[in-house]
Amino acid sequence: MAADLASMDLSSLKAQLATVAAAVDAKEMALASDASAAAIAIRCPYGKLYERVAVSAIHASDGQGASLIGATVVVGGWVKTGRVADKGALAFLELNDGSGPTNLQCVVKADVHAIDELKSTGTCVVVEGELRAPPEGATGQIVELHATKVLHVGACDAAKYPIAKKKISLEYLRDKIHLRTRTNTIAAVARIRNALSFATHSFFNKNGFLYVHTPLITQSDCEGAGEMFQVTTLLGAVDEATTEPPPPSAENVEKLRDDVAAAGATVAKLKAAAKEEGGDKAAVKPAVDEMLRLRSQLEEMEKASRKVGGLFRTADGKVDYAKDFFGEPTFLTVSGQLNVETYACAMSSVYTFGPTFRAENSNTTRHLAEFWMIEPEIAFADLADDMRCAEDYVQYCLRHVLEHCRGDLEFISKMYDKEALERVKHVSETPFGRVSYTEAIDLLEKAVADGKTFVYPVEWGIDLATEHERFLAEEIFKRPVIVYNYPKDIKAFYMRLNEDNKTVAAMDVLVPKVGELIGGSQREERIDNLEARMREIGLDPEEYEWYLDLRRYGTVVHSGFGLGFERLVLFCTGMENIRDVIPFPRWPGNCK
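All figures in this text were calculated on a predicted structure; none of them were measured in a lab.

Asker: Lay out the overall build of the protein in plain terms, naming residues and giving numbers.
Answerer: On a plain count of helices and strands, the protein comes out with 17 helices and 18 strands. Over its C-alpha atoms the protein spans a radius of gyration of 36 Å, topping by over 25% the 25 Å that the globule rule assigns to 592 residues. Overall, the protein is about 160 × 65 × 45 Å in size when its C-alpha atoms are taken along their principal axes. Burial analysis of the protein (592 residues in total) assigns 44% to the buried set. Across the protein, every contact between residues at least 6 apart in sequence was considered, and the portion connecting residues at least 24 apart equals 67%. With an accessible surface of roughly 30,700 Å², the protein has 53% of that area assigned to carbon and sulfur atoms.

Asker: So, a negative patch on the surface: which residues are in play, and what are the values?
Answerer: A contiguous patch of negative charge, built from Glu328, Asp540, Glu542 and Glu543, is present on the exposed surface. With respect to the helices and strands, the residue glutamate 328 is situated in the loop between strand 10 (311–312) and strand 11 (330–332).

Asker: Explain the side chain of glutamate 566 residue by residue, including any values.
Answerer: Mapped onto the fold, glutamate 566 is located in helix 17 (residues 565–573). Only 3.0 Å separates the side chain of glutamate 566 from the backbone nitrogen of tryptophan 372, close enough to count as a polar contact. Residues in contact with glutamate 566, not counting those within four places in the same chain, are Arg193, Leu368, Phe371, Trp372, Ile578, Val581 and Ile582.

Asker: Tell me about the pairing of strand 13 (residues 370–379), residues and numbers included.
Answerer: Along strand 13, eight of the ten residues are buried, which leaves the element largely enclosed by surrounding structure. As judged from the nine bridges shared by strand 12 (residues 349–357) and strand 13, these two strands associate in the antiparallel manner. If you follow glycine 354 over to strand 13, its bridge partner there is methionine 373. In the sheet, strand 13 pairs with strand 18 (residues 558–564) via five bridges, with the strands oriented antiparallel. Bridged to methionine 373 within strand 18 is glycine 564.

Asker: For the sheet that holds strand 8 (residues 230–231), give the residues involved together with the corresponding values.
Answerer: With antiparallel pairing, the three strands of this open sheet are ordered in space as 7-11-8. The outermost strands of the open sheet, each flanked by one partner alone, are strand 7 (217–218) and strand 8. Two strands pair when backbone bridges link them, and strand 8 and strand 11 are joined in this way by two bridges, in the antiparallel orientation. The residue of strand 11 that forms the bridge with glutamine 230 is phenylalanine 331.

Asker: Describe the pattern of salt bridges, and please don't skip the residues or the numbers.
Answerer: Taken as a whole, this structure holds 30 salt bridges when the rule is applied. Residues aspartate 417 and arginine 423 are paired through a salt bridge, measuring 3.0 Å at the closest nitrogen-oxygen approach. Each member of the pair aspartate 417 and arginine 423 is classed as buried. In this structure, the salt-bridge partner of glutamate 545 is arginine 552, at a minimum N-O distance of 3.1 Å.

Asker: For the sheet that holds strand 14 (residues 433–436), give the residues involved together with the corresponding values.
Answerer: Read across the sheet, eight strands follow the order 6-12-13-18-17-16-15-14 without closing on themselves; strand pairing throughout is mixed. Edge positions in the sheet fall to strand 6 (210–211) and strand 14, since each has one partner strand and no second. Where helix 10 (residues 383–404) meets the sheet, its contacts fall on strand 13, strand 14, strand 15 (481–487), strand 16 (503–511), strand 17 (515–522) and strand 18, and the angle it forms with strand 18 comes to roughly 35°.

Asker: Would you mind going over helix 13 (residues 437–449) in detail, with residue names and values included?
Answerer: The end-to-end C-alpha separation of helix 13 is 18 Å, in line with the 18 Å expected for 13 residues at 1.5 Å each. Two residues or fewer past helix 13, glycine 451 is found with a positive phi of approximately 115°.

Asker: Hey, could you go over the pairing of strand 5 (residues 144–154) for me, with residue numbers and the actual values?
Answerer: As paired elements, strand 3 (residues 104–109) and strand 5 share two bridges and run parallel to each other. Looking at the pairing, cysteine 106 lines up with leucine 145 of strand 5. The pairing of strand 4 (residues 124–132) with strand 5 spans nine bridges and is antiparallel. Looking at strand 5, one finds that glutamate 130 is bridged to histidine 146.

Asker: An account of the nonpolar core is requested, with residue identities and associated values reported.
Answerer: In summary, soluble globular proteins display a tendency toward joint burial of nonpolar side chains. Ranked by internal contacts, the top residues of the largest apolar core, which has 63 residues, are Leu196, Tyr393, Val394, Met507, Ile518, Leu563 and Leu568. Here the element with the most residues in this core is helix 10; it accounts for eleven residues. Sequence-distant contacts of tyrosine 393, defined by excluding residues within four places in its chain, comprise Thr200, Phe203, Phe204, Ile374, Phe561, Leu563 and Leu568. Membership of the second largest hydrophobic core comes to 32 residues, among which are Leu338, Leu444, Ala447 and Leu548.

Calculation rules
Residues numbered from 1 in each chain as written. Predicted model: local features only at pLDDT ≥ 70, side-chain atom pairs only at ≥ 80, totals over all residues. Heavy atoms only, no water. Helix = DSSP H or I, 4+ residues; strand = E, 2+ residues; numbered from the N terminus. Rg over C-alpha atoms; globule rule 2.2 N^0.38 Å. Buried < 20%, exposed > 50% of the residue type's maximum accessible area, 1.4 Å probe, protein only. Contact = heavy atoms within 4.5 Å. Areas by Shrake-Rupley, 256 points an atom, 1.4 Å probe, with all protein chains shown as cover. Patch = residues over 30% accessible without salt bridge, like charges linked within 9 Å, V, L, I, M, F, W, Y side chains within 5 Å. Salt bridge = Lys/Arg side-chain N within 4 Å of Asp/Glu carboxyl O. Lys, Arg positive; Asp, Glu negative; His and termini not counted. Charge placed at Lys NZ, Arg CZ, Asp CG, Glu CD. Polar contact = N/O pair within 3.5 Å; in protein donor to acceptor, adjacent residues only side chain to side chain. Pairing = 2+ DSSP bridges. Axes fitted to C-alpha atoms, helices over the stretch in contact; angles between N-to-C directions. Expected span 1.5 Å × (residues − 1). Core = buried A, V, L, I, M, F, W, Y, C linked by side-chain atoms within 4.5 Å.

Interpretation in functional terms is not warranted from these geometric data alone.
Dropping the structure here:
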């Protein structure tokens, strides 16, 4: 080869080298042009202010961003960490804009912008620069951004920033609810929650369901537990009552009532006397006027006497809700089920997905005062159909999360719950088991006989505790399992009574880590049975006339279920406390 080169004419060799160099330049220009075109294609549609590109879009490009090398882009985000190098000549910033779990390293030289203004954790920056491959031997980045301009700086004082520390407990973050989404863990949970929400609407839409917005304010207690938040406009009058005179006493009311009676007797006598020959008719009118004056005064006094502490009372001393905004006692809903059933009994397949409320004074890791429920209702469907729908729905959601949030699941599996990713994969592809409540109790009793101990005793008729549910899913079936046909005494009034008159056509979906994920049933479509169940548990059927009308006029076999959305997020993320999987948790004593 060397001999061949030596024998070549120098000018010819130079020409060939020039041709190669031109080809290389042309190739690099073409690649740069392709990279620039690709970078323009992934700009945020509503980020025209800066022509910004999302960090996740860079990492999602071919070669995890390698296809964009050479392109000039603008990114914005918050500094996760900042490191100064080369004696202050440049800084390495780890930027994240919340679009994904992976940061983008940004290299900023001191002659581009003052390093000290950028390096603090929490600082918001918008940077323009060129995407380049990192130096040979560098790990953790496929591409990095070399800044040419800094377009925006939102300063952050690291000394005062509440979440500047690298290791922060989730409990501490609940006191910094407005900032906690900037942490990697809560941001990952938020993206998973978003994906599950999208998957929910996608699943029901693809399967012919209609989305129904059910009311948050209601007069019905779907669960019959009575743990409801009351909605009223009356309480403002309580504060005003502190400046009002005290109400009339019962003695004063009774005295005025006697005066009215006496005035009425006087009028009667004067009228009788006026009818006699020579009677004084002129005396009647003043007496009538006095009686009417006293009667009006009595009405006002009786009304004032019923206003105790600023609230009007009925004759039996209870609050008079006729004076309230809706004219009757009203509450925040604990479930949209009863309302959405009205649509199912006209439009066949429907669902609701919205907030619900429970005034349960509980501070456990599994309870919230405000939470979201997904509640489909299916007409012309029995319990078996209901169970199939629940299984298909859960697996659809999990497959969607695996496809769109794998990076977040990998982060959580690495940093928080090492089994999260495998648990989601396992449930997404494993057929759910089926077992009757009676069979489940038998299995638990056998486990106890074999030496297993539970905090709560096992016997037929109990409402399964979380420890029982998880044991069935994790130890006995080693997969999700649906328990069906529960005792009627532990289930709601609207669930269909089975032929044994002891159980109802109810089902619960139990999954590892969480226990009960879904509760559902075939609804009672027989009006006589439904009224009997209402009376049996102390509900007045007259208060549910509209619900009974669905059975009076064209009753239909129908079924449905409810899924506490936060429990599905708990299952996917492995979080131990439900307060960490909802953006703004509400619990007793806290409404920040």
